[in-house]
Amino acid sequence: MSRTDAATTLLRTLLGAVGRVGRGIRWYMTNLMGDSAYATYVAHQRRVHPDEEPMTERQFWRQRMDDQDRNPGARCC
């Protein structure tokens with residue numbers, strides 16, 4: 001293997017690792033902020049309750065906010 005091939009292979013390996021880290025950070029932040037909550041809810045509804053129509057995204061977020069207002073738990077405000 002030539003030096004150029006070795007450098008190219010190393011660069012591709014590093015870029016692949018950086019990409020995986022970036023995707024991991026994005027996944028963590030979207031889950032932390034709750035961005036994927038509705039998609040998770042819809043997947044659960046279709047898997048566990050296939051005969052029921054899931055709430056719309058607007059209804060879902062309204063109910064979620066109402067539940068948090070009724071039961072604040074560990075929120076700061």
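Above this text is the structure in question.
Residues numbered from 1 in each chain as written. Predicted model: local features only at pLDDT ≥ 70, side-chain atom pairs only at ≥ 80, totals over all residues. Heavy atoms only, no water.

J.: Just checking my understanding: could you explain the overall build of the protein for this structure?
T.: Tallying secondary structure elements over the protein gives 3 helices and 0 strands in all. Order of helices (α) and strands (β) in the protein, N terminus to C terminus: α-α-α. Its C-alpha atoms give the protein a radius of gyration of 21 Å, more than 25% over the compact-globule value 11 Å for 77 residues. Seen through its principal axes, the protein has C-alpha atoms that stretch 65 × 40 × 20 Å. Across the 77 residues of the protein, 10% fall into the buried class. Measuring between centres, the 12 positive side-chain charges of the protein sit 11 Å from its 9 negative side-chain charges. (Helix = DSSP H or I, 4+ residues; strand = E, 2+ residues; numbered from the N terminus. Rg over C-alpha atoms; globule rule 2.2 N^0.38 Å. Buried < 20%, exposed > 50% of the residue type's maximum accessible area, 1.4 Å probe, protein only. Lys, Arg positive; Asp, Glu negative; His and termini not counted. Charge placed at Lys NZ, Arg CZ, Asp CG, Glu CD.)

J.: It is not clear to me how the pattern of salt bridges should be interpreted in this structure. Could you clarify?
T.: Once their charged atoms are close, side chains differing in charge can pair, the charge on each being opposite to the other. In the structure shown here, the tally under the stated rule is 1 salt bridge. Of the charged contacts in the structure, one is a salt bridge between Arg 70 and Asp 67, with a shortest N-O distance of 2.3 Å. Of this pair, Arg 70 and Asp 67 both sit in helix H3 (residues 57-70), 3 residues apart, roughly one helical turn. The exposure class assigned to Arg 70 is exposed, which follows from its relative accessible area of 55%. (Salt bridge = Lys/Arg side-chain N within 4 Å of Asp/Glu carboxyl O.)

J.: How should the packing of helix H2 (residues 37-48) against H3 be read in this particular structure?
T.: The geometry of H2 relative to H3 is characterised by a closest axis approach of 10 Å and an angle of 110° between their N-to-C directions. The orientation of H2 with respect to H3, classified from their angle, is roughly perpendicular. On H3, the residues touching Ala 37, Tyr 38 and Tyr 41 of H2 are Glu 57, Phe 60, Trp 61 and Arg 64. Its residues assigned to classes, the contact of H2 with H3 shows 5 nonpolar, no polar and 2 charged. (Axes fitted to C-alpha atoms, helices over the stretch in contact; angles between N-to-C directions. Parallel < 35°, antiparallel > 145°, perpendicular 65-115°, else oblique. Contact = heavy atoms within 4.5 Å. Nonpolar A, V, L, I, M, F, W, Y, C, P; charged D, E, K, R; others polar.)

J.: I'm lost on a nonpolar patch on the surface in this one. Help?
T.: Where nonpolar side chains cluster on the molecular surface, the patch consists of Val 21, Ile 25, Trp 27, Tyr 28, Met 29, Leu 32 and Met 33 and spans about 800 Å² of accessible area. Within the element layout of this structure, Met 33 appears in helix H1 (residues 3-33). (Patch = residues over 30% accessible without salt bridge, like charges linked within 9 Å, V, L, I, M, F, W, Y side chains within 5 Å. Areas by Shrake-Rupley, 256 points an atom, 1.4 Å probe, with all protein chains shown as cover.)

J.: Help me understand the packing of aromatic side chains, please; the structure alone is not making it clear to me.
T.: Evaluation of the coordinates by the stated rule reveals 4 aromatic pairs. Taking 5.1 Å as the distance between ring centres and 80° as the angle between the ring planes, the aromatic pair formed by Phe 60 and Trp 61 counts as edge-to-face. On the accessibility criterion, Phe 60 (10% relative accessible area) is buried. Exposure remark for Trp 61: the relative accessible area of 25% places this residue in the partly exposed category. Put simply, the rings of Tyr 38, Tyr 41, Phe 60 and Trp 61 touch in pairs and so form one group of aromatic residues. (Phe/Tyr/Trp six-rings, centres within 6.5 Å; stacked < 30°, edge-to-face > 60°.)

J.: How do you make sense of the nonpolar core when you look at a structure like this?
T.: Looking at soluble globular proteins, one finds that nonpolar side chains tend to be buried together. Ala 37, Tyr 38, Tyr 41, Val 42 and Phe 60 together form the largest nonpolar core, which totals 5 residues. Considering each element in turn, this core owes the most residues, 4 residues, to H2. The residues contacting Ala 37, other than those within four sequence positions of it, are Phe 60, Trp 61 and Arg 64. (Core = buried A, V, L, I, M, F, W, Y, C linked by side-chain atoms within 4.5 Å.)

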